[in-house]
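Observations on the model geometry
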Amino acid sequence: MNLLKLIGWEVERVTKPYLILISLLVVTQFAWLGYFLWSETALYEEIRRTGTPDYVLTFGNYIGGTPFILSIGFAVAAMLLYSFWIWYRDFQGRGTFMMRLLMLPQQRMFVFAAKLATMILMVLGLFSIQWIALKLQYVAFTSWFSSQMIPVRGAFDQIVAYDGTLMVMYPGSVFNFFIHQLLIMLVILFIFAFVLLERSLWQRTIWAPLLSALTIGAVIGFPLLGFLAIENELFMGETLLVFGLILAFWFVGTVWMGRRQLKQKLSV
């Protein structure tokens, strides 16, 4: 079995819904930008007729708007939902190609790796397209208000760095971006571990979702509670070391749990 072929197959399966998601994201944001430009221009002209406007627009006013935030929130929610669905869709019937792959326990981790790689590629693609869209929106924003002689303040990089949502997506350094991507991968691994645990239990108990959620909650919660209990007694270097060990435990634990369910517990 070729891992790259599996990744290509997974990417091909997700291409259409992914393009729909990206299209909705971009269309929603540019529609909100058009409305924002029209409404702010009308408001500024009204204020200018009655006196001297005493405020300066920034690109942050636009990206802080509810439609923009909701568009990103919807995209993130869709990605999280697909992290579930990328597994559940393959258990909806018998005789599919994926089910035949799962009949080979020694090859099941290839399936796991292919699905994880597909999700990471989707996340990176979303971030890349959002960055390009932001740049285009900033150019349109500044060009329009400059043509209307409405003052605009703030550089693009500065505004993105101070926005809470975008700061997570686009941190100020390559190292922080790498760390954020590892944390996103960890969230995906938690979801994968939950799905595989639930699928290995569902034939034996109706409480499979609850038991799976409690198990994953314990894996996340116990190390975190222990860390919070001793955090005040640690120096900065010790705090980073302990938290790094917890992250390593989460990574190893979720991969081990997924591997165990796939190879030993999951029946198809």
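Procedures and definitions
- Residues numbered from 1 in each chain as written.
- Predicted model: local features only at pLDDT ≥ 70, side-chain atom pairs only at ≥ 80, totals over all residues.
- Heavy atoms only, no water.
- Phe/Tyr/Trp six-rings, centres within 6.5 Å; stacked < 30°, edge-to-face > 60°.
- Helix = DSSP H or I, 4+ residues; strand = E, 2+ residues; numbered from the N terminus.
- Buried < 20%, exposed > 50% of the residue type's maximum accessible area, 1.4 Å probe, protein only.
- Lys NZ or Arg CZ within 6 Å of the ring centre and 35° of its normal.
- Expected span 1.5 Å × (residues − 1).
- Bend = angle between axes of the 7 residues up to and from the residue.
- 1 Å grid on protein atoms, 1.4 Å probe; cavity = no way out; pocket = protein on both sides within 12 Å on 5 of 7 lines; lining within 4 Å.
- Points joined across faces, edges and corners; volume = space filled by probe spheres on them.
- Nonpolar A, V, L, I, M, F, W, Y, C, P; charged D, E, K, R; others polar.
- Axes fitted to C-alpha atoms, helices over the stretch in contact; angles between N-to-C directions.
- Parallel < 35°, antiparallel > 145°, perpendicular 65-115°, else oblique.
- Left-handed = near helix turned anticlockwise from the far one by under 90°.

Some points on the packing of aromatic side chains
Under the criterion given, the structure shown has 21 aromatic pairs. Residues Phe-141 and Phe-145 carry aromatic rings whose centres are separated by 4.9 Å and whose planes lie at 75° to one another, so their mutual orientation is edge-to-face. Separated by 4 residues within a single helix, Phe-141 and Phe-145 lie in helix α5 (residues 108-147), roughly one turn from each other. For the pair Phe-141 and Phe-145, a shared accessibility class is recorded, and that class is buried. The residue whose ring lies beneath Arg-13 is Trp-9, and the NZ or CZ to ring-centre distance is 4.5 Å.

Some points on helix α3 (residues 66-88)
Three or four residues apart is the spacing at which side chains of an α-helix point the same way, because the helix has 3.6 residues per turn. In this model, α3 (23 residues) spans 32 Å end to end at C-alpha, consistent with the 33 Å of a helix rising 1.5 Å per residue. Remark: the principal bend of α3, roughly 25°, maps to Tyr-82. Residues Phe-68, Ser-71, Ile-72, Ala-75, Met-79, Tyr-82, Ser-83, Ile-86, Trp-87 and Tyr-88 constitute the buried set of α3.

Examining the layout of surface pockets
Quantified by volume, the largest pocket comes out at close to 300 Å³. Lining the largest pocket are 15 residues; nearest its centre among them are Val-76, Leu-80, Val-123, Phe-127 and Ile-184. Those elements that place two or more of their residues in the lining of the largest pocket are α3, α5, α7 (164-169) and α8 (174-201). Per-element tally for the lining of the largest pocket: the top contributor is α3, with 5 residues. The residue makeup of the lining of the largest pocket, split by class, is 13 nonpolar, 2 polar and no charged.

Description of empty space enclosed by the protein
Per the stated rule, a full pass over the model turns up 2 cavities of 30 Å³ or more. Looking at the second largest cavity, its volume works out to about 40 Å³. Lining the second largest cavity, in full, are Leu-25, Ile-72, Ala-75, Val-76, Leu-126, Phe-127, Gln-130 and Met-169. The set of elements that each furnish at least two residues to the lining of the second largest cavity consists of α3 and α5.

Comments concerning the packing of helix α1 (residues 3-50) against α5
At a closest axis distance of 9 Å, the pairing of α1 and α5 adopts a crossing angle of 20°. The pairing of α1 with α5 is recorded here as roughly parallel in orientation. Considering only the axes of α1 and α5, their crossing is right-handed. Here the residues of the contact of α1 with α5 are counted per class, giving 28 nonpolar, 6 polar and 3 charged.

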